[in-house]
Structures are given as C-alpha cells and as structure tokens.
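So you can see what is in the structure, the chains are spelled out below.
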Amino acid sequence: MENLLALVIGVLYAAGIYMMLRRSLVKLIIGLALLSNAANLLIFTSGGLVPARPPLVAPGRTLPSAPFADPLPQALILTAIVISFGVMAFALALFYRAAEEAGADDLDRLTGTDT
Amino acid sequence: MSALIFAPLLIPFGCAVASLLARRNVRLQRRLSVAGTGALLAASVGLMAAVLQRGVLCAQAGAWPAPYGITFVADILSAVMVLLTGLMGFATAVYSMASMDEARERFGYYPLLHMLLGGVNGAFLTGDLFNLYVWFEVMLIASFVLLALGGERAQMEGAIKYVTLNLTASALFLAGVGILYGIAGTLNMADLSLKLRDTGHSGLVTCVAMLFLTAFGVKAALFPVFSWLPASYHTPPVAVSAIFAGLLTKVGVYALIRVFTLIFTQDIPYTHTIILWAAGLTMVTGVLGAFAQSEFRRILSFHIISQIGYMVMGLGLYTPLALAGSLFYITHHIVVKTNLFLVSGVAHRLRGSYDLKKLGGLYASAPLVAGLFLVPAMSLAGMPPLSGFFAKLLLTKAGLEAGQWAIVGVALAVGMMTLMSMTKIWAEAFWKAAPGGAAGPPPGRRELFCLLAPVILLAAVTLAIGLGAGPVLEVASRSAQQLMDNSAYVSAVLGEAGR
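Residues numbered from 1 in each chain as written. Chains lettered and ligands numbered in written order. Predicted model: local features only at pLDDT ≥ 70, side-chain atom pairs only at ≥ 80, totals over all residues.

Topic: the overall build of chain A
Using the following cut-off: Numbering goes from the N terminus for both helices and strands, where a helix is a DSSP run of H or I of at least four residues and a strand is a run of E of at least two. Each residue is represented by a C-beta atom placed from its backbone, and any two residues with such atoms within 7 Å are regarded as in contact.
Along the backbone of chain A there are three helices and zero strands. The N-to-C order of helical and strand elements in chain A reads α-α-α. Each of the three principal axes of chain A carries a C-alpha extent, and together these read 65 × 25 × 20 Å. Within chain A, contacts between residues separated by at least 24 positions form 52% of all contacts whose residues are at least 6 apart in sequence.

Below, the structure is given as structure tokens:
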C-alpha cells in the first residue's frame, strides 16, 4: 500500500510541476491544485498507514487498543484541504480577471511588471 | 500571562471583524484602524517588557498540555518581531488615512490590513509547525487580496506571480511538515527539538531541512527564488507596498532562524554552509538588480532582496555574535525599509510619479521630505552613526571572527553598492532640477500631517536605534543566547520533561 501511494504521490508531483511549467494560466492553476493534493497525500502516507484499525475506544476502556490508525495526519490534511480550497477559489477569480485584462491566458504576455 | 501572548492576536482579529461590521462607514473604519493598531503597539510593548523581565513566556491554546495542544511561545526574538509589527501597523494605518483611495477603503482595505497583522503576529508567536503553516496562509490570503485590490492590470500581473510562487512554497512547506511528522511523531517545535537531537546525522532529516530552506527561502526572497518580489511589490498602493516590504519577507527570515536554530541543528557544517552561500548570492543579485532600475519602488524592492542576504548571513555563520547581528539587522531593516517606501509615496504625491526620470527638484521644493529620505537611505547604506552601520559592523565582526573572509568581503562591497544606489535616488529625485510636467495639487495640512507623521516617527526610531545601539545590542545578544542554547525555550514549553 505504501509503495502504491508513494507512486501516486510521485506522479501527482511530476504532473503538477509539468502543468505549472506550461504557458497557459488554466494549466498553471491545475498544476497548483495537483501540487497541494500531492502534499496532502504525502502527509497521509508518512503519518503511517494502519488499515482497518480505527482509533475508537471500546466501552469500559480509556485507550484504543494498539495498533490503531493515527487520526492526527487526517486532521492536518483536513485543515490543509480547507485552506487550499479557499486559496484556489481566490486564485481562480484572480486568474480569470487577469486573463480578461490581458485578453489572453498566455503567461508570456503577462510580463509587464518583470523588467 | 497568557493574556499578554494572545493580545497581539486577538486585537487585530477583533479590529478586522469590527471594521467589517462598519463596512459602510469609511470614517469609522479609519479611526478604528488607527486605534486598533495603536492598541496592538501598546500590547506588544507590554509583551516585550514581560519577556525581557521574566524570560521565555508560553501559553497553551485551549489549556491542552504542551506536546499535544497548540503552543504559543514568546521569547525575545518573537517579542521583538511582534513589537515591530505593531509599530509598522500603526505607521501604515496613519499613512493610509491620507494615501488610500476611497474605492479601496470601501472594498475592505482596513479589515484586510488587520487580518494581515494578525497573521504575521500568529506566525511569530506560534510554537507548533503546522500552526505556523496555518498562520502563513492567513497572512498570505490577506496579502493576496491586498495586492490585487483595485484590479489594475499591473496589479493582476504582479499578483499572479506572487500567488503562484507563494502557493508552491506553501506546498513544499506542507510536504516538509508531513515528513517531519512521520519521522518524529510530533509537530511541537520544542518537542521536535528534543526528539531530533538524538537522531544524529540522519540523511532524511537533512533532506527535510532543505525542503524547509526552500519553502521559507521563497517567502524570504532568497537567491535563486526571489523573482516574485520585484515583479509584484511596486504594483499596489504605496501603503500596501510599505507594510509588505517591512514585514512579509521578514516572516520568512524569522521562520528560517527559528527552525535552523531550534530544530535542524544536526548537521550544521552542511546546512548552514548552504545558507551562507545563499546569503552571499542573495546580497549580490539584489544589489545588481537595483542598478538596472529607474523606478523608485523597484529600486527599493531589489534592495529588500539584497538586505535579506545580510539577515540570513548571520544565521549561516551561526555564532552568538552573528545571530545578534542578524537580529539587529532585522530590527533596523524593517523600520528603515518601510520608511523608504513611505517616503517614495510622499514623493509620488508631490510630483505625480515613481519614475526617477520624471521626479526631481524635491530638495528645493520640499527640503523636509529630502531630509526625511536621507535618514533611512543613509541608514540602509550603513553610514555611521545610523542603525545600519552598527548592524553591518556586528555582522562583519562576526564574519571575521568565524574566519569567513569571502562573505565579509561580499557584505562590505554590497554595502558600498547600496550607498551608490541610494545616492542615485538622491541625485535623481531630490537634487536635479524638476523636469517639466504636471505636479498634483499641493496637499492640505491634514493630509500632509498624515503622510509625514509616520515618516518622522520611523526616522526617529532609526535614529534612536543608531544612537542607542548599546541597549539594542544587549537585547539582541540576549536573544542570540536564547537561540543558540535553546534549553530555555524547550523547558518553557515542555516544563520539567523538556530538560
């Protein structure tokens, strides 16, 4: 399972970076989304995978019986997903406005502030 | 005690909510922003005094004990940064009253400004790596909107580059956090410091350290990942530029200093040598970039980059004196750089342009502004007895003691080139005769007061840091000792277990 997830993460990073290197604004934002999802999966995997052992406390006990899945990485990912959701929404609006102003979604034509 | 730590977070967020509620009443929002940032400044002075008197302070959010809950910590470094945030926020709020256009004020400029200050303070005070990520995002989102607010074409173009590079850096930061959690099973910085101390030369830890260096390097505008800064900082209104220039990159520098003194100290010869190289290259590229520019704010933007090099140089040298030099430099730089941007705004108000070719004659027509420019400009270049001289002196001395001749040579040469660059602005904007062209109507008395009062305040602070260098150095040295020997930080957070 770890190997499969590692492969998926690698592919997501590669695809995300490839998309970000294209000239189109739309592809750039898809690349950003892929990148943040790759990071979320990375947290999930490196937190340790324990299948089918939810961290539930049985009645009459104070601790879940080991081994159990660590719930913290999932809480971290949930926070990160919410944040990246908000940021993506903003970025989409911004990129749309920029494409409208420039009349194109070509990054090479948005160089007015570079030199 | 915890009220002292939480006040710098609660005041800006309270003000942001209050300004949103008063969104129809711009005058009320203005008053609220000055009162709120004033209160923030007072609260941060209180925090600073308490930290100096009682050592490292610590508060647990929701009263969950240390490695499990989210910890907020104020050591001298954090307290100084919070104090500077309060001061810059106050200066910018006063300046905004005269310089911000009403359309932007109506569309939420003041709530965003408070949100930005709250995010910055959170990043300075948190003791938890994931929480640091969250504060970074709070700060970034506020800064994204501030940068794009107004919707001019240049702003859009600058914002695209700023948003893309900062989001990429955040993704790298998040990946680093994830791997670190996998290694150590904790994200509390003090706890991480303890847990990673025993791992020795672990390749994986060094690899994560490099991820963090890249992520914070983007946010601090280190070589070679600085290009978002000069592409965006000159596009928004000058008050926004000024607060960005003063605070945002310094949050990146703060995060670098924090993690590379507290957490990643396993392989210092390797990691800190890379940091030193990055510092040297940052100084040189920044100052060379500034030579090619002839726009007031773009020159200043490139100088931010070169100055970041100095701050990181102290971290790369990693001696108590060098770190003290870094802290002195950060303190001096935040005040001076914000002030230079504010002065560029005054010049723009008087002559209607940021282009050095169209500016001119300000020494004859506004000698007070010219004098107020000279104080931060000469301080930036490192002329005695201003604050920049002592900052550079400390770093030079530390570099010589560590036997790093090359970086000292680079630092001194870049200081000289900074002086040339500042003289260029002086000659072009202030000294040469005014070229023809329409200047705006002269500002009224109230407007003039709001524009000049913050500039005078910050110039006075620059002078005070320069003339009172002794006490400032003493605080910086105490802070450097806290950073080098992080046992005080760790035991303040973890109690007896952290010894």
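Alright, that's what it looks like, and here's the rest.
Details of the overall build of chain B
Put simply, the test is: Note on method: radius of gyration uses C-alpha positions; expected globular size equals 2.2 Å times residues raised to 0.38. Exposed residues have 12 or fewer other C-beta atoms within 10 Å of their own C-beta, buried residues have 20 or more, and partly exposed residues fall in between, where C-beta atoms are placed from the backbone.
Looking only at helices and strands, one finds 21 helices and two strands in chain B. Taking 2.2 N^0.38 as the reference for a compact globule, 499 residues should give roughly 23 Å; the C-alpha atoms of chain B span a radius of gyration of 22 Å, in line with that estimate. Taken over the C-alpha atoms alone, chain B extends approximately 70 × 55 × 40 Å along its principal axes. Residues classed as buried in chain B amount to 63% of the 499 residues present. For chain B, restricting intrachain contacts to residue pairs at least 6 apart in sequence, the fraction spanning at least 24 positions comes to 79%.

Concerning the interface of chain B and chain A
Going by this rule: Here the nonpolar group is Ala, Val, Leu, Ile, Met, Phe, Trp, Tyr, Cys and Pro; Asp, Glu, Lys and Arg are the charged ones; every other residue, Gly included, is treated as polar.
At the interface, 28 residues of chain B touch 28 residues of chain A. Of all the secondary structure elements, the ones that give two or more residues to the side of chain B that touches chain A are α6 (129-148), α7 (153-184) and α10 (228-232) of chain B. Of the residues forming the side of chain B that touches chain A, the biggest block, 18 residues, is contributed by α7(B). Grouping the constituent residues of the side of chain B that touches chain A by class yields 17 nonpolar, eight polar and three charged.

Focus: the nonpolar core
The test is simple: Linking buried Ala, Val, Leu, Ile, Met, Phe, Trp, Tyr and Cys residues through C-beta atoms within 7 Å yields a set, and such a set is a nonpolar core.
Core analysis: the largest hydrophobic core is formed by 234 residues, its most contacted members being B:L116, B:M139, B:L256, B:V312 and B:F328. The contacts of B:F328, once residues within four sequence positions are left out, are B:F390, B:A391, B:L394, B:V472, B:L473 and B:A476.

Remarks on the environment of B:I334
Residues and elements named next belong to chain B. Position of I334 relative to the elements: it lies in helix α14 (residues 320-351). The class for I334 is buried, based on 23 C-beta atoms found within 10 Å. With residues up to four places along the chain from it excluded, the contact list for I334 reads L84, M88, G246, L247 and K250.

As for helix α13 (residues 296-317) of chain B
Residue and element names in this part refer to chain B. This is how it is decided: To estimate how far a helix should extend, the number of its residues minus one is multiplied by 1.5 Å.
With 22 residues, α13 extends 33 Å between its outermost C-alpha atoms, agreeing within 8% with the 32 Å of an ideal straight helix rising 1.5 Å per residue. Burial analysis of α13 places 22 of its 22 residues in the buried class, which makes it a mostly covered element. Y318 lies just past α13 and shows a positive phi near 55 degrees.

Quick notes on the packing of helix α3 (residues 76-99) of chain B against α14(B)
All names here are of chain B. We count it as follows: Interaxial angles span 0 to 180 degrees and are taken between N-to-C directions of axes, which are lines fitted to C-alpha atoms, for helices over the stretch in contact. The labels follow the angle: roughly parallel below 35 degrees, roughly antiparallel above 145, roughly perpendicular from 65 to 115, and oblique for the rest.
Viewed as axis vectors pointing N to C, α3 and α14 meet at an angle of 5 degrees, and their least axial separation amounts to 11 Å. Taken as axis vectors, α3 and α14 run roughly parallel relative to one another. Where α3 abuts α14, its residues L77, V80, L84, M88, A91, Y95 and S99 lie against L327, T331, I334, T338, L342 and G345. When its residues are assigned to classes, the contact of α3 with α14 shows nine nonpolar, four polar and no charged.

Comments concerning the confidence of the model for chain A
Put simply, the rule reads: Within a predicted model, pLDDT stands for the predictor's per-residue confidence, ranging from 0 to 100.
A residue-level look at chain A finds 99% of positions with pLDDT of 70 or above and a mean pLDDT of 88. Across chain A, the element-wise mean pLDDT spans from 90 in helix α3 (residues 72-102) of chain A up to 94 in helix α1 (residues 2-20) of chain A.

Side note on the pairing of strand β2 (residues 71-74) of chain B
Residues and elements named next belong to chain B. Counted only if it meets this: Only strands that DSSP links by at least two bridges are regarded as paired with each other.
Here β2 shows two buried faces, one formed by T71 and V73 and the other by F72 and A74. Sheet topology places strand β1 (residues 57-60) next to β2; four bridges connect them, and they run antiparallel. Bridged to Q60 within β2 is T71.

Topic: helix α1 (residues 2-21) of chain B
All names here are of chain B. For clarity, the threshold we go by: Bend, in this description, refers to the angle at a residue between axes fitted to the seven residues ending there and the seven starting there.
Under the 1.5 Å per step criterion, the end-to-end length of α1 is 28 Å for 20 residues, consistent within 8% with the ideal 28 Å. Where α1 bends most, at P8, the angle is about 35 degrees. Those residues of α1 that fall on the buried side of the exposure criterion are L4, I5, A7, P8, L9, I11, P12, C15, A16 and S19. The secondary structure elements touched by the buried residues of α1 are α2 (26-54), β1, β2, α3 and α5 (109-125).

Let's talk about the environment of B:Y110
All names here are of chain B. Note on placement: Y110 falls in helix α5. The buried category is assigned to Y110, around which 28 C-beta atoms lie within 10 Å. Here the alpha-carbon distance between Y110 and C15, two residues 95 residues apart in the chain, equals 8.8 Å. In this view, Y110 contacts S19, Q29, S33 and E105; residues no more than four positions away in its chain are not counted.

Here we look at the environment of B:V284
Residues and elements named next belong to chain B. With respect to the helices and strands, the residue V284 is situated in helix α12 (residues 268-291). Sequence spacing of V284 and V17 is 267 residues, and the spatial spacing of their C-alpha atoms is 43 Å. For V284, the contacting residues outside a window of four places in its chain are V410 and V414.

Structural notes on the confidence of the model for chain B
Residue and element names in this part refer to chain B. Model confidence for chain B is summarised by a mean pLDDT of 90, while 98% of its residues fall at 70 or above. Per-element mean pLDDT across chain B ranges from 83 in helix α15 (residues 362-365) up to 94 in α5. This complex was scored by the predictor with a pTM of 0.94 and an ipTM of 0.93.

Examining the packing of α3(B) against α5(B)
In helix packing, the relevant descriptors are the interaxial angle and the interaxial distance, both defined with respect to the helix axes. All names here are of chain B. It is the contact of α3 with α5, at a shortest axis distance of 9 Å, that shows an interaxial angle of 170 degrees. One way to sum up the angle between α3 and α5 is to call them roughly antiparallel. Of α5, the residues touching α3 (which contributes S78, M81, V82, T85, G89 and A93) are L113, L117, V120, N121, F124 and L125. The residue inventory of the contact of α3 with α5, partitioned by class, reads eight nonpolar, four polar and no charged.

A short note on unusual backbone geometry
The peptide bond linking B:F223 to B:P224 adopts the cis configuration, its omega dihedral lying at 0 degrees. Mapped onto the secondary structure, B:P224 falls in the loop between α9 (203-220) and α10. Cis geometry is adopted by the peptide bond preceding B:P385, which originates at B:P384 and carries an omega value of 0 degrees. Tracing the backbone through its elements, the reader meets B:P385 in the loop between α16 (367-381) and α17 (387-401). One non-glycine residue with positive phi stands out, namely A:A52, at about 60 degrees. Even without a glycine there, the phi angle at B:A63 is positive, about 60 degrees. When you line up the elements, B:A63 lands in the loop between β1 and β2.

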